[in-house]
Amino acid sequence: MRAPLSWIKDFIDLPSSLTADDIGKGLVRVGFEVEDVIYQGADVKGPLVFGEVLSIEEITEFKKPIRYVGLDCGEKQTRFVICGATNFVVGDMVLVALPGSVLPGNFAIAARETYGKTSNGMICSAKELGLSDDHAGIMVFDKEQVSSKDDVREKLQLDDIIFDIAVNPDRGYALSIRGVAREIAGAFDLKFNDPANQLRGLNFEKSGSGVKPKIDDKESASVFYLRTLSNFDSKATTPLWMRRRIEKMGMRSISLVVDVTNYVMLELGQPLHAFDRKKIKGDLRVARAGKSAKFVTLDGQERTLDPADLMVCDDERPLALAGTMGGLYSEITDETTEIALEAVRFNPIAIAQNSRRHKLSSEASRRLERGVDPCLAELASARFVQLLTEHSSAKHVETLSTGEAKYPVSFTINPAHVSTILGFEVSSTQILKSLQTIGCEVNESNFEINPPTWRPDLTNVSDIAEEVARIIGYDSIPSVLPNRPLHASLTPIQKRRRVIAAFLANRGFSEVLTFPFTNQKTIDEMGFVGSRASTYALANPMSDENPLLRVHLIPGLIEVAARNISRGAQDFAIFETGSIFRSTKKLDAFVNPDTSVRPGQQIISKIFESVPDQIQMVAGLLVGKREVEDWQGKSQSFEWSDAISFAQEILDLCHLEYEVKRSDLAPWHPGRCAELIVDGTVVAHAGEVHPRILAQYNLPARSSAFAINLGALPASTLVKPSRVGVMPAAVQDVALIVDSRVPALEVQEALREGAGNLLESIALFDRYDKVGDGKVSLAFTLTFRAEDRTLTGEEVSAMREAATNLATKRCGAIVRTA
């Protein structure tokens, strides 16, 4: 949104001490980003004059059109210049830069020989002077508008400061000079002269019957003003001051009628549209298209209407894409003598839908989809009639309207809540002054607030607090650090997840993140049954291929591994932490609580009952080789025991006591799967993935996986200190022959219990399977240490013997002697 300072001054008496830089900072202070400050005319220097075209000599021996133009610039003799533009004729007034002038880009003008002629100056376009982006031709004026005696800089308002402002979507009122001027006045506590006040009560004499407005779709528009004019002379031209203001706003002058609609829109913020009245059959209605049809807009593009498109129609056909762009059929032309002006307060959503459906964003739609002051349909259309009748022969015929403007609803606040929200004390007087600055009417006795018509976004105390902070200045808010929140640290489960993730990453795992969706085919292929296969279907899945919530992390890791193997990866370990879902309860109906207040405990309970339980899990997949072959030795592949070992290390990391038992659970290999139990609850499974699944996904044989239910792990301390022994340790090795069906852990636990309290550690360091007769040999290292003395040989032998005796009793173990 561009805003020329010269136009802003029409509505504010700015003190001379206030610089453009100050105004820019003031706009930023009240919440508007100033993207650029353009000093128009500052880079144009030297003599500029208006000249009358006396003669045109066409030079035709070159590829492009060249003219040798004779000009009367108010001098004693004719001045001749070379020009490539063709949009002027003899008798037109043009703008001439004389030798010695310097144009934007440091382009110096001098007399020079070109095309076999002497060019003594240059006829300028608006783009060459930096006045606009229009470079279709040179600037052409009527003799009634300018003369060679006029001061060019003054006549064209060449020297001006233009603010380029970024307007947020909730500040649609600022897409007008009226809105920007009000904000500047508020930023510097200046008096604002609202141009709308001069239009209230403005009436025009009725001279006939006008076109009647109707709103068929009551939800699409609230109020519709239709003003009819006649006796318009299409040869009437746009006043130069109006043309220049439109150009400074980044638009181009087209014709008087169109320029007046654009001028009023830029001044007040209400888009208008003018129809050729003779093209209208019957009444003018706001209605939905109703059916798909072809429609040609003003830009000449043929568009296919959607049945839901909001249109402005007569009794026979659609005439305009409502609030977005008019139709070519009913546009204002050189033959137009009667005009029907439409001013509507459209539903912003309907206009936004029109714009998005047709990928057509116009100056009108950008304002209407943000919401326009409902008063402006009447006032802006009156301003149009006022300007058009002043600058042409047009006469007012009749003004008709339908509908009723809908204004923001008043509400009451407690001023103390404003201070609470902002975090510092704001007096009631400051609040009152700030609200009056932005246009609110406030009952001082009970602080009932009636928002201004252009601010429908003000609905509660939070909105008011924001406005107060904006007006008094964010820079005036004291910089005070807030108190440290009581629960600023991570929860124990969050800390545990981070510790586990860091541990796995340090051990060479790569973390992956997969979508929490699956399908029934995958569930069946993995062998999940019963409650492990029961899940929830998504109401609106991202993909029809995966319409269910996942029941386990392992399938996602297998799919990631298969994808990476297909791309050349061979040996890797991956892990993921995330949620899985099991359909263990019937969900209650969806709850949508009021977000303006904290919901009560009953509502919170209903919210949790309406969503599935989420089980936190960490899972890992080991694929290929653990160590690659090189000159130091042969390669070693991952084994199912590696997966079990990682699961054990994670539980050790959580400082939990556990036991390991055989298990047979999908998707692991039967007989090569273990379950880890904490306090009688199975919390993890680990082992080799089932060969059928490995073959189906083309994964290497013996690929292994582990999965731990983090939610089932009991709370534990993050740090478990251990005492450092100062006395020497006594180390004993013992080899036991047991039945191959006896778990090594069972033997280890028997040795631990039998060895007594002075056993510091026990570790299995060898397993020998070739004993025969279904027997295996298990070798353990037992470390003994006393805190207060050095153990004797007799004490150590006694403890070793007690340990082996208990292992013999419980597990049928025989001490191996050779």
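Cut-off values and rules
- Residues numbered from 1 in each chain as written.
- Predicted model: local features only at pLDDT ≥ 70, side-chain atom pairs only at ≥ 80, totals over all residues.
- Heavy atoms only, no water.
- Helix = DSSP H or I, 4+ residues; strand = E, 2+ residues; numbered from the N terminus.
- Rg over C-alpha atoms; globule rule 2.2 N^0.38 Å.
- Buried < 20%, exposed > 50% of the residue type's maximum accessible area, 1.4 Å probe, protein only.
- Polar contact = N/O pair within 3.5 Å; in protein donor to acceptor, adjacent residues only side chain to side chain.
- Contact = heavy atoms within 4.5 Å.
- Pairing = 2+ DSSP bridges.
- Axes fitted to C-alpha atoms, helices over the stretch in contact; angles between N-to-C directions.
- Salt bridge = Lys/Arg side-chain N within 4 Å of Asp/Glu carboxyl O.
- Parallel < 35°, antiparallel > 145°, perpendicular 65-115°, else oblique.
- Nonpolar A, V, L, I, M, F, W, Y, C, P; charged D, E, K, R; others polar.
- Core = buried A, V, L, I, M, F, W, Y, C linked by side-chain atoms within 4.5 Å.
- Left-handed = near helix turned anticlockwise from the far one by under 90°.

Enquirer: Go over the overall build of the protein chain with me, naming the residues and quoting the values.
Expert: Tallying secondary structure elements over the protein chain gives 20 helices and 42 strands in all. Computed over C-alpha atoms, the radius of gyration of the protein chain comes to 42 Å, more than 25% over the 28 Å expected from 2.2 N^0.38 for 818 residues, which places it beyond the range of a compact globule. C-alpha extents for the protein chain along the principal axes are approximately 130 × 75 × 60 Å. Burial status across the protein chain gives 47% buried among its 818 residues.

Enquirer: Could you give an account of the side chain of Gln270, with specific residues and numbers?
Expert: Looking at where Gln270 falls in the secondary structure, it is placed in the loop between α6 (256–268) and β16 (273–276). In this structure the side chain of Gln270 is engaged in a polar contact, spanning 3.2 Å, whose partner is the backbone oxygen of Val344. For Gln270, the contacting residues outside a window of four places in its chain are Met265, Val344, Leu368, Val372, Asp373, Leu376, Ala377 and Ala380.

Enquirer: Residues and numbers for the sheet that holds strand β40 (residues 759–772), please.
Expert: Whether parallel or antiparallel, the strands of a sheet pair through hydrogen bonds between backbone atoms. Overall, antiparallel pairing links the four strands, which are arranged β40-β41-β39-β42 in an open sheet. Strand pairing shows two members of the sheet lacking a second neighbour, β40 and β42 (814–815), which therefore form its edges. Looking at chain direction, β40 and strand β41 (residues 775–784) are connected through nine bridges and run antiparallel. In the strand pairing of β41, Tyr768 is matched with Ser777. Along the sheet, helix α20 (residues 793–811) makes contact with β39 (730–739), β41 and β42, crossing β39 at roughly 15°.

Enquirer: Lay out the environment of Ser330 with the relevant residues and their values.
Expert: Secondary-structure assignment places Ser330 in the loop between β22 (325–326) and β23 (339–346). Those residues in contact with Ser330, other than ones at most four positions away along the chain, are Ala274, Phe275, Asp276, Lys279 and Leu319.

Enquirer: Quick one: what's the story with the sheet that holds strand β15 (residues 221–230), residue by residue and with numbers?
Expert: Read from one edge of the open sheet, four strands run β16-β23-β15-β24, paired in antiparallel fashion. The sheet is open, and its two edges are formed by β16 and β24 (395–403), each paired on a single side. Between one strand and the next, the sheet's axes are offset by a mean angle of 20°, whatever the strand orientation. Pairing between β16 and β23: four bridges, direction antiparallel. Looking at the pairing, Phe275 lines up with Ala340 of β23.

Enquirer: Tell me what's going on with the pattern of salt bridges, and back it up with residues and numbers.
Expert: Across all of its chains, the model carries 49 salt bridges by this definition. The residue Arg455 makes a salt bridge to Asp457 at a minimum N-O spacing of 2.8 Å. Looking at Asp457, the relative accessible area reads 28%, which means it is partly exposed. Within this structure, Arg171, Glu183, Arg455, Asp457, Glu466, Glu467 and Arg470 form a network of salt bridges that share partners.

Enquirer: Describe in detail the side chain of Arg243, supporting the description with residues and values.
Expert: Among the structural elements, Arg243 can be located in helix α5 (residues 240–248). Within the structure, Arg243 has its side chain in polar contact with the backbone oxygen of Val140 (distance 3.1 Å). Residues in contact with Arg243, not counting those within four places in the same chain, are Met139, Val140, Phe141, Thr238 and Ser253.

Enquirer: Summarise the packing of helix α11 (residues 428–437) against helix α12 (residues 461–472); cite the residues concerned and give the values.
Expert: Two elements in contact, α11 and α12, have axes whose closest approach is 9 Å; the angle formed by their N-to-C orientations is 90°. On the basis of their axis angle, the class for α11 and α12 is roughly perpendicular. Counting all contacts with α11, which are made through Ile431, Ser434, Leu435 and Thr437, the residues of α12 involved are Ile464, Val468, Ile471 and Ile472. Its residues assigned to classes, the contact of α11 with α12 comprises six nonpolar, two polar and no charged.

Enquirer: Describe in detail the nonpolar core, supporting the description with residues and values.
Expert: By size, the foremost hydrophobic cluster in this structure holds 86 residues, and its most contacted members are Ile8, Leu284, Phe346, Phe384 and Leu388. Core analysis: the second largest hydrophobic core is formed by 30 residues, Met526, Leu553, Tyr697 and Ala705 among them.

Enquirer: Which residues make up the packing of helix α10 (residues 415–422) against α12, and what values go with them?
Expert: For any two helices packed against each other, the geometry comes down to the angle between their axes and how far apart the axes lie. Where α10 contacts α12, the axes come no closer than 9 Å and their chain directions differ by 70°. Considering the angle they form, α10 stands roughly perpendicular to α12. Crossing of α10 against α12: the hand is right-handed. Residues His417, Val418, Ile421 and Leu422 of α10 lie in contact with α12, whose contacting residues are Val461, Ser462, Ile464, Ala465, Val468 and Ala469. Of the residues belonging to the contact of α10 with α12, the class tally is eight nonpolar, two polar and no charged.

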